[in-house]
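If you want the building blocks of each chain, they are given just below.
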Amino acid sequence: MSSSFVQNSQTPEQLYGDHIQQKLSRFRTILQSTNFDQLIIGSGSEKIQFQDDMAYPFKTNSYFREWVPLNYADYFLCIDAINEKPKLYIRCKQDIWHSAPQKLPDTYAQHLEIIQYSATEVLTKEFSKLAGRLVLINETNDFDLDTEVWNPSHVLNAIDFQRRSKTDYEHACLREASRLAVPAHLAAREAFMAGVSELEVASAYLKACHCAETEMPYAIIAGINENAAVLHHHQLNNQAVEPQSLLLDAGVQFNHYASDITRTHAYNSGSDFSAMISAVDRSQQDLASEAGIGKNPVHLHVQSQYAMANILKQFNILKVSAEEAVENKIINTFYPHGLSHHLGCNVHDKGSRLANAQGDQTPASVKYPHLRASAPMVENQVHTVEPGLYFIPALLDKLESSQNKDSVNWEQIKHWKKYGGIRIEDNIILHANGYIENVTRAAFNSAKKIL
Ligand code: GLY
Ligand code: MN
Ligand code: MN
């Protein structure tokens with residue numbers, strides 16, 4: 001691993017032009033190899049709730065997010081081999097109910113050709129000139145195209161494959177997303193230490209990052225005490241309880257790129273739970289430093305299982321060896337999820353199993369068929385590293401009625417259940433020179449706060 005790395009100090013807006021050029025070049029290759037002349041990506045349409053006149057919060061199609069940092073319905077981006085700039089078609093409708101869409105700042109807009117349109121029929125007519133030579137990536141087939149040219153899987157696979165390697169702009173956005181999340185994690189911890197409810201912890205988080213709940217890249221997970229054992233605990237309690245532990249998994253998005261950060265806190269800093277958090281935290285950092293270009297994420301996952309089993313052993317929870325716990329899947333009771341996933345304009349970024357642009361998948365691991373990331377790591381990719389240890393009643397009950405029931409110390413487990421669990425999650429960039437940039441730790445360090 002190279003120890004030196006000079007970070008590109010340009011801001012996302014300064015890097016956006018290069019990003020567009022790189023994406024244009026990659027997408028033109030895709031057009032050529034899939035035999036299309038033009039690719040249209042829709043931002044998506046608003047969805048109205050069943051038997052109601054209320055729309056769900058709108059979230060842009062992730063294929064659009066890769067190109068345009070806007071979150072509005074009915075926009076279309078058009079990429080071809082001829083035009084120097086991608087065309088962005090913006091829907092202009094008279095709307096007395098809603099605020100006008102925010103404009104793309106000039107620093108971004110200068111890299112696109114922005115065209116206003118008034119009605120879908122106008123675009124249908126425009127795009128019909130290229131019938132058969134045009135491909136549409138959008139949730140709905142707005143222009144009544146042949147179904148073969150609407151989200152064809154071979155085009156989607158090729159896009160997902162190129163997505164693995166992030167541009168400097170994307171790295172800068174991801175850094176910014178982490179930087180914005182730091183004060184929010186700190187404020188949430190402070191709220192927890194003041195003894196508030198899960199809902200108030202989440203409110204403190206939102207207030208500190210100046211975001212609406214609908215702007216979160218994923219729903220905030222704020223589990224206090226036993227609720228920390230619910231991996232995706234979104235149903236936040238509005239009653240304060242006597243605090244023991246907090247597991248907070250929350251990010252922020254910047255230009256559609258998310259941070260995905262988890263920290264676990266002990267209310268009592270002198271407790272054994274606090275010591276276990278430190279042990280998971282050290283292991284997490286060791287595991288992050290084991291990532292690298294060409295490495296197999298499945299092997300890293302197995303390594304993380306050994307690391308978590310060793311911690312259980314250290315705390316007298318496991319009676320058998322770490323090797324036996326991994327071999328017999330006893331560790332899955334305490335650590336039932338994967339170590340890592342790709343991160344980008346999807347929080348669980350797509351393409352994590354692709355072997356090539358043609359859509360072949362890397363064979364699923366026989367022992368770990370459900371792991372999200374299984375293809376070897378590539379340069380400029382962004383991964384999460386998120387080991388955990390939990391005391392989940394349903395899984396513990398299963399273990400207790402299995403042939404492996406004597407492999408753990410049930411008296412100890414009774415004691416640990418009240419803490420729920422621990423997860424520590426950082427986001428890392430695998431730079432081309434081998435340097436592993438831990439974006440999350442860097443963001444906490446520059447805020448001079450280690451959490
Ligand atoms: N926050 C969701 C995850 O960590 O995958
Ligand atoms: Mn994650
Ligand atoms: Mn997470």
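**A word on the coordination of the manganese ion (ligand 2)**
Working reference: metal with six octahedral donors, ideal angles 90 or 180 degrees; metal with four tetrahedral donors, ideal angle 109.5 degrees.
Part 1 of the reasoning: At 2.0 to 2.2 Å from the manganese ion (ligand 2) lie its protein donor atoms, namely Asp260 (OD), His341 (NE2), Glu386 (OE) and Glu425 (OE).
Part 2 of the reasoning: Considering all six donor atoms around the manganese ion (ligand 2), the spread of angles at the metal, 50 to 155 degrees, places the coordination shape in the irregular class.
Part 3 of the reasoning: The motif formed by the donor residues of the manganese ion (ligand 2), counted along the single chain, is D-x80-H-x44-E-x38-E.
Part 4 of the reasoning: Here the manganese ion (ligand 2) and the manganese ion (ligand 3) are spaced 3.3 Å apart, and both take Asp260 as a donor. Separated by 84 residues along the polypeptide, His341 in the loop between helix H11 (331-334) and strand E11 (382-385) and Glu425 in the loop between strand E13 (421-423) and strand E14 (426-430) bring together distant segments of the chain. Just as His341 is buried, Glu425 falls in that class too.

**Points about the sheet that holds strand E5 (residues 134-137)**
Part 1 of the reasoning: Read from one edge to the other, the open sheet built from five strands follows the order E4-E3-E2-E1-E5, with strand pairing classed as mixed. Every interior strand has two partners, whereas the edge strands, strand E4 (113-117) and E5, have only one. Each strand axis lies, on average, 20 degrees off the axis of its neighbour in the sheet, ignoring direction.
Part 2 of the reasoning: Bridging between strand E1 (residues 38-42) and E5 involves four bridges; their strand directions are parallel. Within E5, the residue paired with Gln38 across the bridge is Leu134.
Part 3 of the reasoning: Sitting on the sheet, helix H1 (residues 12-34) touches E1 and strand E2 (76-80), and the angle it makes with E2 is about 70 degrees.
Part 4 of the reasoning: Sheet contacts for helix H5 (residues 153-163): E1 and E5; angle to E5, the most-contacted strand, approximately 65 degrees.

**Notes on the coordination of the manganese ion (ligand 3)**
Part 1 of the reasoning: Bound to the manganese ion (ligand 3) on the protein side are Asp249 (OD), Asp249 (OD), Asp260 (OD) and Glu425 (OE), at distances that span 2.0 to 2.3 Å.
Part 2 of the reasoning: Around the manganese ion (ligand 3) sit six donor atoms, and with donor-metal-donor angles ranging over 56 to 170 degrees the site reads as irregular.
Part 3 of the reasoning: Counting the intervening residues between successive donors of the manganese ion (ligand 3) yields the motif D-x10-D-x164-E.
Part 4 of the reasoning: When its relative accessible area of 0% is taken as the criterion, Glu425 is described as buried.

**Examining the nonpolar core**
Part 1 of the reasoning: Ranked by size, the top nonpolar core spans 55 residues in total, and within it Leu39, Ile41, Trp67 and Leu88 carry the most contacts.
Part 2 of the reasoning: In terms of residues, this core owes the most to one element, H1, which gives seven residues.
Part 3 of the reasoning: Apart from the residues lying within four places of it in its own chain, the contact partners of Leu88 are Phe64, Val68, Leu70, Tyr75, Phe76, Leu77, Leu112, Glu113, Ile114 and Ile115.
Part 4 of the reasoning: Grouped together as the second largest cluster of nonpolar side chains are 45 residues, Phe273, Ala325, Tyr419 and Ile436 included.

**Topic: the site of ligand 1**
Part 1 of the reasoning: Near ligand 1, the surroundings consist of Tyr218, Asp249, Asp260, His341, His348, Glu386 and Glu425.
Part 2 of the reasoning: At 3.0 Å from a nitrogen atom of ligand 1 is found a side-chain nitrogen or oxygen belonging to Asp260.
Part 3 of the reasoning: His341 places a polar side-chain atom, nitrogen or oxygen, 3.1 Å from an oxygen atom of ligand 1.
Part 4 of the reasoning: A total of 200 Å² of accessible area belongs to ligand 1 in isolation, and the protein chains cover 94% of it.

**Brief notes about unusual backbone geometry**
Part 1 of the reasoning: Unusually for a residue other than glycine, Asp74 sits at a positive phi of about 65 degrees.
Part 2 of the reasoning: Mapped onto the secondary structure, Asp74 falls in the loop between helix H2 (62-65) and E2.
Part 3 of the reasoning: For Asn316, which is not a glycine, the phi torsion comes out positive at approximately 60 degrees.
Part 4 of the reasoning: With respect to the helices and strands, Asn316 occurs in the loop between helix H9 (297-314) and helix H10 (322-327).

**Remarks on helix H8 (residues 272-290)**
Part 1 of the reasoning: For H8, spanning 19 residues, the distance from its first C-alpha to its last is 27 Å, which sits close to the expected 27 Å at 1.5 Å a residue.
Part 2 of the reasoning: Of the positions making up H8, those classed as buried are Phe273, Ser274, Met276, Ile277, Ala279, Val280, Asp281, Ser283, Gln284, Leu287 and Ala288.

**With respect to the pattern of salt bridges**
Part 1 of the reasoning: Summed over all chains, the structure comprises 16 salt bridges.
Part 2 of the reasoning: A salt bridge links Lys129 to Glu126; the shortest N-O distance between them is 3.5 Å.
Part 3 of the reasoning: A salt bridge links Asp160 to Lys350; the nearest nitrogen and oxygen atoms lie 3.2 Å apart. Taken as a pair, Asp160 in helix H5 and Lys350 in the loop between H11 and E11 lie far apart in primary sequence, 190 residues in all.
Part 4 of the reasoning: You can call Lys350 partly exposed: its relative accessible area is 32%.
Part 5 of the reasoning: Taken together, the shared-partner salt bridges in this structure form one network comprising Lys23, Glu66, Arg163, Lys166, Glu170 and Asp349.

**Section: helix H6 (residues 168-193)**
Part 1 of the reasoning: Between its terminal C-alpha atoms H6 stretches 38 Å, which fits the 38 Å expected from 26 residues at 1.5 Å a residue.
Part 2 of the reasoning: Ala181 marks where H6 bends most, by close to 25 degrees; the proline Pro183 follows one to four residues later.
Part 3 of the reasoning: In the segment just after H6, Gly195 is the residue with positive phi, at about 85 degrees.

Parameters at a glance
Residues numbered from 1 in each chain as written. Chains lettered and ligands numbered in written order. Predicted model: local features only at pLDDT ≥ 70, side-chain atom pairs only at ≥ 80, totals over all residues. Heavy atoms only, no water. Donors = N, O, S within 2.8 Å, 3.2 Å for Na, K, Ca; no water. Tetrahedral: all angles 85-135°; square planar, octahedral: opposite > 155°, others 65-115°. Helix = DSSP H or I, 4+ residues; strand = E, 2+ residues; numbered from the N terminus. Buried < 20%, exposed > 50% of the residue type's maximum accessible area, 1.4 Å probe, protein only. Pairing = 2+ DSSP bridges. Axes fitted to C-alpha atoms, helices over the stretch in contact; angles between N-to-C directions. Contact = heavy atoms within 4.5 Å. Core = buried A, V, L, I, M, F, W, Y, C linked by side-chain atoms within 4.5 Å. Near = heavy atom within 4 Å. Polar contact = N/O pair within 3.5 Å; in protein donor to acceptor, adjacent residues only side chain to side chain. Areas by Shrake-Rupley, 256 points an atom, 1.4 Å probe, with all protein chains shown as cover. Expected span 1.5 Å × (residues − 1). Salt bridge = Lys/Arg side-chain N within 4 Å of Asp/Glu carboxyl O. Bend = angle between axes of the 7 residues up to and from the residue.

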